[in-house]
Amino acid sequence: MSRLSESLASGKFTVTGEIGPPKGINIEPALHEAEEYLKGRVVAVNVTDIQTAVMRFGSMATCHLLLDRGIEPIFQMVCRDRNRLALQSDLLSAAGLGIENVLALTGDHILMGDHKEAKPVYDLDVIGLLQAMVKLEQGTDLGCDSKGRPNKLDGAPKFFKGCCVTPCADEVEPQIIKLEKKVAAGAQFVQTQAVYDPKAFGEFMKKVSHIKVPILVGIVVLKNAGMAKYMNANVPGVNVPKKLIDRLAAANKGEEYKVSIKIAGELIREMKGMCQGAHIMTLGWDKYVPDILAEAGL
Amino acid sequence: MIVAERKPLEDILKYVSGRKKVLVLGCGGCVSVCLTGGEKEAEILASELRIALGKAGHKPDISVRTVTRQCDREFNETVRREIAGADAVLTMACGAGVQLLSGMFEDAEIFPAMNTTFLGANVAPGTWEENCRGCGQCMLAETAGICPIARCSKGLINGTCGGTKDGKCEVSKDMDCAWYLIYRRLKARGRLDLLMTVRPPVNWARSSAGVKRTMTRKELA
């Protein structure tokens, strides 16, 4: 059983981190960040999968390298780049490498990335990907033999299956319906899109109180006022309140990071009582994770 | 209908360079309705070619014919003689018409004057919008008449992703999120139960992603 599933099952407030592999083979800095600042402080570390459709070093290989360093990974898998054969094969490979936590995601569209002429796949949607994981766990797969009987696996994997949700989407009901379907399809934990409004998050948590899987609130560290404004304008479902932007804007030059740490810590502290954990996304600022956790009182 | 756009003139000129007898063949079907490859557009292309080639000092014989539909053998038979007499045929039909002609007249050199784009509808004057991908397993009954395969940029079948903002898709502020539209319509009808149903993976073997599809009606064969 993964440490992540054990931690969440124990009812302990559970913190996860995240690293993004590089564009190139220089993976060492990302691994170093995880080892230096995340290991021992967070329960598991997400590894993004060709994030924002920008081609880069792979998620599965990075997860494996994290395991080598004694860090439990959460293998993010998007539906954009692989058909069901490749997805299932990669799931088996991941299990073979000792990866248990898998976060199923739709994946940003190819037009958001740096290979706009590529063919988008989306053979399975995220529900299909979760269903595939359940099938594999049952020792079968999504296909069948010539007589229509389910294929049999020679050795079945075991996963701790996750999904995401956007709690502050401008229209939240379709997000909740989709979340219900993800859980019905097999999702066992949820990591959310970035939340900056504890009150709105509290309302969301009430609306999903019937969904009995642990939810880790997403905390994206705001590096400066410009980033906050950019996210408000461009990232769906993200709403940074003006008072946070003002605080970042008022920070002394070169000391914005102190405000960033404080805001991230405060957000976790305020939402700690509403959910089962926090997923901290620093976008390269992992060195501040210890300070954020201290600020959050964890 | 099948929507097609005419290729840029410079691309078409490459096909006919050095030819002496060019036949521009319009199609009275879909491309005529979307005002890109019908009789009038065939005449316009012929004029453009005459001017462009004339400027370069070439004066090939360019004639124009338009048939009712190039995707039916019987209509193409009506221009057999003209095709045989031309050393280049520029067809303004969709890809189906180009291929049927090429199959019927194997000795003729037949070139496409169009880029075939999508199955769509005329949603506003001068605007055609893609709304069918020919997936071979229509789910419009469950999605309030809005196709997520064609109109969701990711072709998702179980509801919205996290990339929807103010009812628009993450790929463009000008593109509606299909699942937002489906949600609004189903909610207004009191049929959100249809959104809640978990749909299994699509059988793409029946779609254009599978092998070539053929429909045969035995009673007509």
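Let us look at the structure shown here. Values in this document were obtained by computation on a predicted structure and should not be read as measured data.

**Brief notes about the overall build of chain B**
From N to C terminus, chain B includes nine helices and nine strands. Since a compact globule built from 221 residues should have a radius of gyration of about 17 Å, the 22 Å found for chain B marks it as more spread out than a globular shape. In terms of its C-alpha atoms, chain B occupies a principal-axis envelope of roughly 65 × 45 × 25 Å. The burial tally for chain B puts 40% of its 221 residues in the buried class. A separation threshold of at least 6 residues defines the contact pool for chain B, and within that pool the share at least 24 residues apart is 60%. Just so you have it, chain B exposes about 11,900 Å², and 53% of that area is on carbon and sulfur atoms. Charged side chains of chain B number 32 positive and 25 negative; the gap between the two group centres comes to 5 Å.

**Some remarks on the interface of chain A and chain B**
For an interface, size is often stated in terms of accessible area lost upon the parts coming together. Taken residue by residue, the interface counts 29 residues in chain A and 30 residues in chain B. Counting each side, the surface lost to burial between chain A and chain B is near 2,500 Å², with a carbon and sulfur contribution of 55%. In this assembly, chain A and chain B are joined by two salt bridges. A salt bridge links Lys-187 of chain B to Glu-173 of chain A; its shortest N-O distance comes to 2.9 Å. In this structure, the connection of chain A to chain B is made through 17 residue pairs in polar contact (both at pLDDT 80 or more). Put simply, the parts of the chain that give the side of chain A that touches chain B at least two residues each are α5 (126–137), α6 (172–184) and α8 (225–234) of chain A.

**Comments concerning the packing of aromatic side chains**
Residues and elements named next belong to chain A. If you walk through the whole model with that rule in mind, you get five aromatic pairs over all chains. Ring centres of Tyr-257 and Tyr-288 lie 5.1 Å apart, and the angle between their planes is 15°; on these two criteria the pair is classed as stacked. Of the two residues, Tyr-257 sits in helix α10 (residues 256–271) while Tyr-288 sits in the loop between β8 (277–281) and α11 (289–296), which places them 31 residues apart along the sequence. A relative accessible area of 28% places Tyr-257 in the partly exposed class. Judged by relative accessible area, Tyr-288 falls into the buried class, the value being 14%. Note on Trp-285 and Tyr-288: the rings are 5.0 Å apart at their centroids and 85° apart in plane angle, and the pair reads as edge-to-face. Cluster of aromatic residues (ring-pair linked, three or more members): Tyr-257, Trp-285 and Tyr-288.

The rules we used
- Residues numbered from 1 in each chain as written.
- Chains lettered and ligands numbered in written order.
- Predicted model: local features only at pLDDT ≥ 70, side-chain atom pairs only at ≥ 80, totals over all residues.
- Heavy atoms only, no water.
- Helix = DSSP H or I, 4+ residues; strand = E, 2+ residues; numbered from the N terminus.
- Rg over C-alpha atoms; globule rule 2.2 N^0.38 Å.
- Buried < 20%, exposed > 50% of the residue type's maximum accessible area, 1.4 Å probe, protein only.
- Contact = heavy atoms within 4.5 Å.
- Areas by Shrake-Rupley, 256 points an atom, 1.4 Å probe, with all protein chains shown as cover.
- Lys, Arg positive; Asp, Glu negative; His and termini not counted.
- Charge placed at Lys NZ, Arg CZ, Asp CG, Glu CD.
- Buried area = accessible area lost by both parts, 1.4 Å probe.
- Salt bridge = Lys/Arg side-chain N within 4 Å of Asp/Glu carboxyl O.
- Polar contact = N/O pair within 3.5 Å; in protein donor to acceptor, adjacent residues only side chain to side chain.
- Phe/Tyr/Trp six-rings, centres within 6.5 Å; stacked < 30°, edge-to-face > 60°.

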